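Overview (structure and organization)
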Amino acid sequence: MKYKNILNNLRDRLFIVIGLMSAIVFSVNAEIIQGLTVTGRVTASLDGEGLPGVNVVLKGSQEGTITDISGNYSLNVVDENSVLVFSYVGYNSEEITVGSRTVIDIEMIEDITALSEVVVTALGIKREEKSLGYSVAKVKGEELTRVVNENFLNSMAGKVAGVTINSTGAPGSSVSIVIRGASSLSTDNQPLFVVDGVPIESSINNIGGIGDRNQVDYGNAISDLDPESIESVSILKGPSAAALYGTRAGNGVVIITTKKAKKGQGMKVTISSNTVFDVPYKLFDVDTRFATGFFSYRPENVGGGVLPDINASDGTGAGPENDKGYWAVQWDAPLDANGQPIPTEVVSYPNNVRNFLNDYGFSTINSASVSNSTEDLNYRLGFTNLSSTGLIPNSDLYRNSFAIAASTKLMDKLTISTDVNINKTWSNNRPAGDRGTNPLQWAYSTPSNIDIRKLKDYGSGNNIKNVSGNHQNPYFLANEVNNSFTRYRIYGNVVLNWEISPNFSLMGRYLLNKSDEIKETKIAPGYTREPNNGTYGIVESKFLETNTEIMGTYKKDWSDFSLSVSAGGNILYQAGASISNSAKNGSGLIVPNVYTVQNISSGALRYRNSRSEKAINSVYGIANFSWKYMLYLDLTARNDWSSTLPPSNRSYFYPSASLSFLLNEAINLGSKVNMLKLRAGWAQVGNDTGPYRLVNTYGDAGQWGDATRLTKSSGLLAPNLLPEEATSFELGTDIKMFDNRLRFEGTYYTVDNRNQILAIPLAASSGFSGVQINAGLMQSKGWEILIGGTPISTNNWTWDLNLNFTTNETVIKELTDGVDFVNFWSSEKVRSIGYVEGYVSDAVDYGKPQDGVVGNLYGNPIKRVRDESSPYYNYPLLGEGLDAKWVVEDELTKIGNFNPDFIMGLQSVLSYKNFTFSMTLDWRSGGQYVSGTWRRFTDAVINKDWREQLVNPGDLGGAPSPELKQWVLDNADELLFNEYLRPVGGPTPEFGGFPESFSGVEVFDAIFAPGVRADGEGGYIENLGEEGTVFLPYVVGYPWDVSITNLFDADYVKLREISLGYRLPSAVAQKIGMQDINISIYSRNIILWTKDSKFGVDPEGAYKPSGSGFSQGIEFYNVNPWVLPLGFKLGFTF
Amino acid sequence: MYIIKNKFIILLSLVFVFTISCRDLDELNINPNGVDPEVADLNLLLPTIITGISRNVVNLGFGDIAGVCSTPKKMAGPVVIIVMSGVSIVNHGPVTTVF
């Protein structure tokens, strides 16, 4: 009996807690007045199950109760005219007059829009969205798993305003997410991820690979997350939202809540299975019309018969035309009785790359979870397995995730809960990107007249089958260059919650994030850049972060005014260590195929390790005031003490304030307006720096004989470094109308990022190459707009549409004295430079002031006649000899910017009865990228796009003539004055090719570049097609130095998701003992349209791994096929 | 029963208190991966300079100005240091105090 009392007591208290979480506090000690007792049961309209924790209040009083675990309640009311108000977060409130009834059962209807109104904000605090003075984007877990992606970030693309998500390559590659534009010059601008309170940093810098030109992206930390275990994602976009996270919140925060057992749900088993086939449908357009070679011989050029030998080693695609019935001695030619190679027909193998690739990439994600909620214990156990094989042979990715979430009451008022996630992510081989060991590079580079399948049996040891010494065998690279990794990650929390009184609660928690990663590279003998038996290396890195946190919260409601104050402290500790053992580039192994460190000779062994530690101690406070449910004010303050900063600068204070005003509560806007909110927020946050960035230590340069050698770094560090400081301001409005069927959110923000940590160059005479300083001011401004509507909402049909729009521009307002620009990267004759706004130099844009926009791309313009008095003014000024084509000036001009002008996402969900059809479109407009692949394939003359752009002079081809010159002049706008100049002529007479002679053989495969040449005396020689024009073989026609030629507009539209799902009617499901059965088919990430990338590059992949990070805006052999995925999903709940 | 619960709370609080201990922020930022300049024997920088310069000179000998310096590789270091130490001073700034 006593036991039962305790249990009942416990149950009552439990409901108090639930009541508190519903943000409305009532006293359960309902005074018994007089009159009747009403009892009843509250159920959810969706599933008819009892709803626990619903507030039942007597209208106009403070009297009320909360429903129990099965939804039952009992309440004393005054008389028959009493009105009961039933309210529950996520459901429409109901008001019911008691009348003569004593039993009132009601069904509560889920409020679709209200459900999303509760958002998780900083420190995991759940808030009603209307009370927030800043913009928080939220994505529900079902949105992330409707169409499953290996990395959950990919599932958010197109769904959230203010966020730019870019996949850097094929599945398993790093995914970049930048919130409200890049605001830091020295970091990769990735936000902080917080999973169940556990902060996880996810830099896009996990690039490795041992050996010469073997660069591998192992994927960033956040790719370890299991999408199936995510309940919801909140994105705290601006510092206002994120200020409570202090130091690391400068780039925004992504808060992820994992799935937990819901109170009162009972035993539930969920199983889901996803399978997706990635079918390639478009590859880079390599030119397969011409065989390899320097000259496009035809039989008539060589007196008929067999053509000169075709040598694959030429490495170019400007040889004889394929499929014309020509014969020549080619690679792997059969031998006659005398051992002489026999000519074979020159034919093309247009499907070489397709034949090299697997037929399809294959991913399967299977997930099972058990959850239960009893009075004593809530728990959820989940397991997910991902297996994926890529399109490139022998590439794969696996992940096992195990998640447990549990909570129980230690005592009446003391709850303990935990979330633990254990992941293992591994791969036997991640294919290399960039150039070198990238199998795709060499599959594309295989000469078109050679069947790639002949290379499949690639041999072994020193007898790797290669078409020439200048080529690599793609099959060998795919199978014998193995970049494997295994990464274990454990993250989780233990949380104690003590509800000391209805008004006061205390929370203490311990958070852990630990990862261990081993990366190994094994290269077998045969890679020409590792000629000594291949190579081997192993890198192990460990990382640990712990946070210990205590927070007290006091809440009090008065009639018009309510207050919630929290104060807390946090101790963060990070430790990292890595050890690396490998052979030096090119040094190789002693014995082939033995991949151990001891098989590297001591002189060739490169070994190193390092450790680092960091801690941040913090205290913080939050105060939320609300007045008449109309005006909400949030104030936060945080002070951090970071170990990475000098003692005098170590303490940092981050304040924020935000205000939300509900105009519809203040004045009557009529029944059509459900909500009209005005909001404003201001905040300051910062970025500290890495450990050991204050004082240089001497490094060990290794022994020289017996002498110990120390080295001093050439870069200076500043002992007085400050953290970067971002100050943001945002203004916005949220409007909901017509029963929430029309929704609008608009936000304008500015972020001023000061004290950028920059490395600035120093004069060599100082003895140092550069110094790290705090300087500068970067200003980001942007708009985020979200328009949502429910045009159709009937019993059977619902159609939801959401459109989001994002723009951002970041300008460098100030740097420091003597430093006018920051170099981001320089590659493929294009440079990404950040000039300070207003910078003027004759060497840049001919003295035009710079706009200072981050992401600007610069290149050298085509050299032209600058003398305005010359009749050839503005004609291209060509080089000499084999360079009698376009050359460039020394000055730089702005040629583009890698950031899009705007991003627009459209989401549509149409449901009819149990069918749901949904899709997400993502449109990036504006912005440019450099295609290194395009450039290098053009230089190798295997780029079809380039060949198709050659200018065909028609009948005027074949010989120089005055008519040709006239024709050039008639088309001067296109051929001379255009920015994008193309040669006239082509590889055969059909293209209007001009004659050129090579060792006595005249071949009609020449082109010429219209323009003028300097005569050396200040005058000009015409190169317009008349006699005297320099004709160059097609093979050297590409102007290697002209950056604008390989710059493309990055605009694209992608169909991020499309899915058709069917949910079995619950009656049917229940008949077979299930709660829920759903099936769907889907596809994802289909490139629908590109403005300028029809040749087969995905503009989204314009990220080049460089050193330990990525250069944005440049695509370099990142030529993964465009795929048409086909996916199936099956889910059961019972 | 309540006594047990109270003990439990006390125990739990103790565990919590012990896990919380502010880190010494000064100690943490001492780089363990290199030699602290405050305690380093600066003389140990000299061999690096000597070997670095001699290596450069040897490379010059085999490369750009082949023939100017035909000293065998092993010999090059000690011979050249005397001639070239001036240059090294310029290139290594604060280390000049050593000389």
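Residues numbered from 1 in each chain as written. Chains lettered and ligands numbered in written order. Predicted model: local features only at pLDDT ≥ 70, side-chain atom pairs only at ≥ 80, totals over all residues.

**Quick look at the overall build of chain A**
Counting secondary structure elements, chain A contains 13 helices and 61 strands. Taken along its principal axes, the extent of the C-alpha atoms in chain A is 120 × 70 × 70 Å. Evaluated residue by residue, chain A yields a buried proportion of 48% over its 1134 residues. Here the contacts in chain A between residues at least 6 apart in sequence split such that 69% fall between residues at least 24 apart. (Helix = DSSP H or I, 4+ residues; strand = E, 2+ residues; numbered from the N terminus. Buried ≥ 20, exposed ≤ 12 C-beta atoms within 10 Å, placed from the backbone. Contact = placed C-beta atoms within 7 Å.)

**What to know about the confidence of the model for chain A**
Confidence in the prediction for chain A averages 88 pLDDT; 96% of positions are at 70 or higher. Below pLDDT 50 for its whole length, residues 14–33 of chain A participates in 41 contacts with residues either more than four positions away or in separate chains. (pLDDT = per-residue confidence, 0-100.)

**Things to note about the interface of chain B and chain A**
Between chain B and chain A, the residue contacts involve 30 residues of the former and 37 residues of the latter. If you list the elements that add at least two residues to the side of chain B that touches chain A, you get α1 (2–19), α2 (25–28) and α3 (45–62) of chain B. Across the side of chain B that touches chain A, the residue classes tally to 16 nonpolar, 10 polar and four charged. (Nonpolar A, V, L, I, M, F, W, Y, C, P; charged D, E, K, R; others polar.)

**Examining the sheet that holds strand β3 (residues 64–66) of chain A**
Residue and element names in this part refer to chain A. Strand order in the open sheet made by the four strands is β3-β2-β5-β6, with antiparallel pairing throughout. For this open sheet the edge positions go to β3 and β6 (94–97), each flanked by a neighbour on one side alone. With direction set aside, neighbouring strand axes in the sheet form an average angle of 20°. For strand β5 (residues 83–87) and β6, the ladder comprises four bridges, and the chain directions are antiparallel. Each residue of the ladder has a partner; that of Phe86, found in β6, is Glu94. (Pairing = 2+ DSSP bridges. Axes fitted to C-alpha atoms, helices over the stretch in contact; angles between N-to-C directions.)

**A look at the confidence of the model for chain B**
Residues and elements named next belong to chain B. Mean pLDDT over chain B: 61, with 39% of residues reaching 70 or higher. Summarising per-element confidence for chain B, the mean pLDDT is lowest in helix α4 (residues 73–91) (35) and highest in α2 (83). Below a pLDDT of 50 lies the segment residues 67–99, which in the model reaches 43 contacts outside its immediate sequence neighbourhood of four places, other chains included. Confidence estimates for the predicted assembly give a pTM of 0.85 and an ipTM of 0.72.

**Describing the domain arrangement of chain A**
Domains assigned within chain A are domain 1 (2–110) and domain 2 (207–280 + 360–437 + 472–694 + 717–855 + 898–928 + 1049–1133). Taking only C-alpha atoms, the centre of domain 1 of chain A and the centre of domain 2 of chain A are 41 Å apart. (Domains from an automatic or database assignment.)

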